[in-house]
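A look at the structure
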Amino acid sequence: YTTVQRNQGEKSKMKYAFIVNPASGQGKHDKGIAADIEELIKGNPNRDIKLYYTRGETDATYLSGLLAEEAAMTGDDIVIFACGGDGTVQEVANGVHGHDNAVLGVVPVGSGNDFVRQLGINKGSGKRYLNLPEQLDGMVTKMDLIRMSWIEKGEEKTRFITNGINIGFDGNTAILAHSLKRLPLVSGTGSYLMAVAANLAGKKGQKLRITADGKNFHTGKLLLATAANGGFCGGGVQSCPNADLYDGLIELLAIKDLPRRKFVALFPKYKAGKLFSIRGVEDIASYTQAK
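Let me begin by describing the structure that accompanies this report. A quick note: this is a predicted structure, and the numbers were derived from the prediction, not measured. (Residues numbered from 1 in each chain as written. Predicted model: local features only at pLDDT ≥ 70, side-chain atom pairs only at ≥ 80, totals over all residues. Heavy atoms only, no water.)

1. Considerations on the nonpolar core
Residues I19, L67, I78, I80, V92 and L119 are the most contacted members of the largest nonpolar core, which totals 20 residues. Contributing elements (two or more residues each) for this core: β1 (14-20), α2 (59-73), β3 (77-84), α3 (86-96), β4 (102-108) and α4 (114-118). By residue number, the principal contributor to this core is α2, which donates five residues. Those residues in contact with I80, other than ones at most four positions away along the chain, are A17, I19, S64, L67, A68, V92, V96, V103, L104 and G105. (Core = buried A, V, L, I, M, F, W, Y, C linked by side-chain atoms within 4.5 Å. Buried < 20%, exposed > 50% of the residue type's maximum accessible area, 1.4 Å probe, protein only. Helix = DSSP H or I, 4+ residues; strand = E, 2+ residues; numbered from the N terminus. Contact = heavy atoms within 4.5 Å.)

Laid out in structure tokens, this is it:
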């Protein structure tokens, strides 16, 4: 990562923190990535590199925010690596947000790793981010975030989204897949496909009004809706093929409530990012980009 120049012309010291989520990837990657980080620390005695673990939900957000504040107090910059899946990346992004001295790094060792598929120049280049020595000397770029706000018990709450928001069938599938991927021998993509089958049996959609840049995008029943920053969900399902993390735009996809048989027929194209190559699909699906 590039060293930031301070206003007084002095170079700040760069620190590195790796936050490992032991539950990511069904816990299979915890010991392996931790051992790799420990070797990295030994091989770079002149760099300030620390290893941390999370113990529960939102730990990564709290810890990354604390590390960013501590580094700022000493006038230093810090790269905080989210070592886990998409949830860990989002948690660290929320902790880093608002700290000018902090940079989000990603080491994709989760089950789905959808966010990293969109990261950088070439889609699907996620394996590059497992090269830890190369990560230390990476370049810093700026990317978009989605701000999600809602009212809970009379209080407005906000969270920043790195990859996307799924509502309806897709959201229900993601929730179930999160539970299924904890089972032995079930991969991230496998858990998603199992959840798709289960949710088709008891298909539930939503009834929503969606506006985009002040204009009506959808009103009424739908099977699913997606507001995305990245193009992938569910362990490689390319739901929003036009997505770009750097264009300042949100991808909006809505699919009307469909019979199960019709959705099953559409799913392979949907998964491959080719839904809108189907003739007449505009009658059941809408797609746009919004600020």
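Let us keep going from here.
2. Topic: the packing of aromatic side chains
Tallied over the full model, the rule gives five aromatic pairs. On the numbers, 6.5 Å between centres and 55° between planes, the contact of F263 with Y270 is tilted. Classification of F263 as buried rests on a relative accessible area of 2%. On the basis of relative accessibility, which here comes to 2%, the residue Y270 falls in the buried class. Here the aromatic rings of F276 and Y287 are separated by 5.9 Å at their centres, their planes lie at 65°, and the arrangement is edge-to-face. Pair noted here: F276 is in the loop between α8 (260-271) and β12 (285-290) and Y287 is in strand β12, with a separation of 11 residues, a long-range link. (Phe/Tyr/Trp six-rings, centres within 6.5 Å; stacked < 30°, edge-to-face > 60°.)

3. Points about the side chain of T162
Summarising the element assignment, T162 is placed in the loop between β6 (155-161) and β7 (164-168). You can call T162 buried: its relative accessible area is 1%. Ignoring any residue separated from it by four or fewer positions in sequence, one finds T162 in contact with V89, Q90, A93, F115, M143, L145, N229, G230 and L245.

4. A look at the pattern of salt bridges
Under the defined criterion, the tally for this structure stands at eight salt bridges. Note that D114 is salt-bridged to R117, the shortest N-O span being 3.3 Å. Of this pair, D114 and R117 both sit in helix α4, three residues apart, which is roughly one turn of the helix. With relative accessibility at 25%, the residue R117 sits in the partly exposed group. Here R128 ties to E134 by a salt bridge, and the two come within 3.6 Å at their closest N and O atoms. (Salt bridge = Lys/Arg side-chain N within 4 Å of Asp/Glu carboxyl O.)

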